[in-house]
Amino acid sequence: MPDSDQNIIADLKDENKRDLAFHMLVTTYQERLYWHIRKIVMNHDDTDDVLQNTFLKVWRSIDKFREESSLYTWLYRIATNESITFLNSKKKKNMMPLNDVSEYLLENLMSDPYFNGDEIQIKLQQAIIRLPEKQRIVFNMKYFDEMKYDDMAEVLDTSVGALKASYHHAAKKVEEYLKNTD
Amino acid sequence: MDELKNIAPELSKLKKEVPFSTPKNYFDDFSARMQTRMQTEKQGEPEHKPKIIQLLKPFIGLAASFALIFLLVYVPLKTFITSEINEVTVNIDHSDTDSEFLNILEGIDESSFFALLDESESETTDDFTNEELMSYVSANFTDYEIFEFTKNN
């Protein structure tokens, strides 16, 4: 774990330094977590909500943080869980099938003023959105963030082998969509 | 990367750009907005001073549940079961006296039944003889009592 992370954790557990340490944690990780969440929920406004919820959860559960894992993977894990919880609540509200949120995400993507992709990027995002939820998260973490499988395994609580298989299937599906759709 | 070229050649040719953007100064302001939200959260946290009502809550709850169970069990029992019990006892009383009378009648043969009837008739119609009356009076009353009684009449 980097020294800066260790300092942040130590200060977070100190009553007098907690507020300042939390400010440090937010400024250090806000961008990385934002883009991770954004790729899952697609829309900027939703991402903003989920990011705030993520940091609130971190604030409330900092005492539960065990230093066996790195701060970075712990934060990613909370952000991923918060994103999935957010999507599940949307599914319930909009009476969507539990395993299919792609239509909602497509609408979200196309109506978002902060989406500025060209034709091929739109096509790529459409292909990613159509993946099953777990494969979509794995694909984004590996393809865009180039995260190590070991770190991914810690964040997603899955074995490296399962993650490799998941990424392989996802890449194949995306490739097929790119080839067969005009 | 080589792995991706093998399994998805079209995908590997694309630039790895995320086609999203954020509002201007979003990340500069986020930390400040987060601080504001944290303050609101802290103020919104409930006080942990225990109030009397909070201390009594479990007992009140327990008492209320007992009262509810009592009402649910006692009231229906009282309204439905007691009326049924009364009906049953009345029926039992009637049937008991009737059946007892019938049993007695059945137990008596015809000749003794008529003998009984004759006996009761003779008891009601026959008068006492003077001798019987005299012996009864002399056995139960003193001379003085007899004197007093005859003097008054």
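On a predicted model such as this, the values are computed, not experimentally measured, just so you know. (Residues numbered from 1 in each chain as written. Chains lettered and ligands numbered in written order. Predicted model: local features only at pLDDT ≥ 70, side-chain atom pairs only at ≥ 80, totals over all residues. Heavy atoms only, no water.)

Residue and element names in this part refer to chain A. For the structure shown, the criterion picks out nine salt bridges over all chains. In this structure, the salt-bridge partner of D145 is K39, at a minimum N-O distance of 2.5 Å. Highlighted residues: D145 in the loop between α7 (133-143) and α8 (149-156) and K39 in helix α2 (residues 18-41), separated in sequence by 106 residues. A relative accessible area of 30% places D145 in the partly exposed class. Close ionic contact of E82 with K57 constitutes a salt bridge, the shortest N to O distance being 3.5 Å. (Salt bridge = Lys/Arg side-chain N within 4 Å of Asp/Glu carboxyl O. Helix = DSSP H or I, 4+ residues; strand = E, 2+ residues; numbered from the N terminus. Buried < 20%, exposed > 50% of the residue type's maximum accessible area, 1.4 Å probe, protein only.)

This part is about α7(A). Here α7(A) lies mainly inside the structure; nine of its 11 residues are buried. Among the residues of α7(A), A:Q135, A:R136, A:I137, A:V138, A:F139, A:N140, A:M141, A:K142 and A:Y143 are the ones counted as buried.

Attention shifts here to the nonpolar core. Ranked by size, the top nonpolar core spans 70 residues in total, and within it A:F22, A:L25, A:F55, A:L71, A:F139, A:V174 and B:L11 carry the most contacts. A per-element tally of this core places α2(A) first, with 10 residues. The residue makeup of this core includes at least three contributed by each of domain 1 (1-96) and domain 2 (117-182) of chain A. Sequence-distant contacts of A:V174, that is, excluding residues within four places in its chain, are made with A:L124, A:A127, A:I128, A:L131, A:F139 and B:L11. (Core = buried A, V, L, I, M, F, W, Y, C linked by side-chain atoms within 4.5 Å. Domains from an automatic or database assignment. Contact = heavy atoms within 4.5 Å.)

Here we come to a nonpolar patch on the surface. Together, B:L62, B:F66, B:L68, B:I69, B:L72, B:V73, B:L77, B:F80 and B:I81 line one region of the surface with nonpolar side chains, adding up to about 920 Å² of accessible area. With respect to the helices, strands and loops of the structure, B:L77 is situated in helix α4 (residues 52-107). (Patch = residues over 30% accessible without salt bridge, like charges linked within 9 Å, V, L, I, M, F, W, Y side chains within 5 Å. Areas by Shrake-Rupley, 256 points an atom, 1.4 Å probe, with all protein chains shown as cover.)

Remark: the centre distance and the inter-plane angle together describe each pair of aromatic rings, the angle taken between the planes. Taken as a whole and assessed by the stated rule, the structure comprises 16 aromatic pairs over all chains. Plain terms: the ring middles of A:F55 and B:F30 are 5.9 Å apart, the flat faces sit at 50° to each other, and that makes the pair tilted. Here the residue A:F55 occupies a position in helix α3 (residues 44-60), and B:F30 occupies one in helix α3 (residues 26-44), the pair thus bridging two chains. The buried category is assigned to B:F30, whose relative accessible area is 0%. With a centroid separation of 4.9 Å and an interplanar angle of 85°, the aromatic rings of A:Y143 and A:F144 are classed as edge-to-face. Given the relative accessible area of 0%, A:Y143 is considered buried. On the basis of relative accessible area, A:F144 is assigned to the buried category, the value being 13%. (Phe/Tyr/Trp six-rings, centres within 6.5 Å; stacked < 30°, edge-to-face > 60°.)

Here we come to the UniProt feature "transmembrane region" (unreviewed entry) in chain B. The UniProt feature table records "transmembrane region" (unreviewed entry) at residues 59-77 of chain B. The span residues 59-77 of chain B is 100% helical and 0% strand by assignment, and the distance between its end C-alpha atoms comes to 27 Å. (UniProt positions renumbered as here; feature names shortened; annotations may be inferred.)

Another aspect to go through is the interface of chain B and chain A. Between chain B and chain A, the residue contacts involve 27 residues of the former and 42 residues of the latter. With both sides pooled, the region where chain B packs onto chain A buries about 3400 Å², and carbon together with sulfur makes up 64% of that total. Our count for the contact surface shared by chain B and chain A stands at two salt bridges. For B:K16, the salt bridge identified is with A:E146, shortest N-O distance 3.1 Å. Inspection of the chain B/chain A interface yields 16 residue pairs in polar contact (both at pLDDT 80 or more). Within the residue set of the side of chain B that touches chain A, elements represented by two or more residues are α1 (2-7), α2 (9-13) and α3 of chain B. With 11 residues, α3(B) is the largest single contributor of residues to the side of chain B that touches chain A. Counted by class, the side of chain B that touches chain A contains 15 nonpolar, four polar and eight charged residues. (Buried area = accessible area lost by both parts, 1.4 Å probe. Polar contact = N/O pair within 3.5 Å; in protein donor to acceptor, adjacent residues only side chain to side chain. Nonpolar A, V, L, I, M, F, W, Y, C, P; charged D, E, K, R; others polar.)

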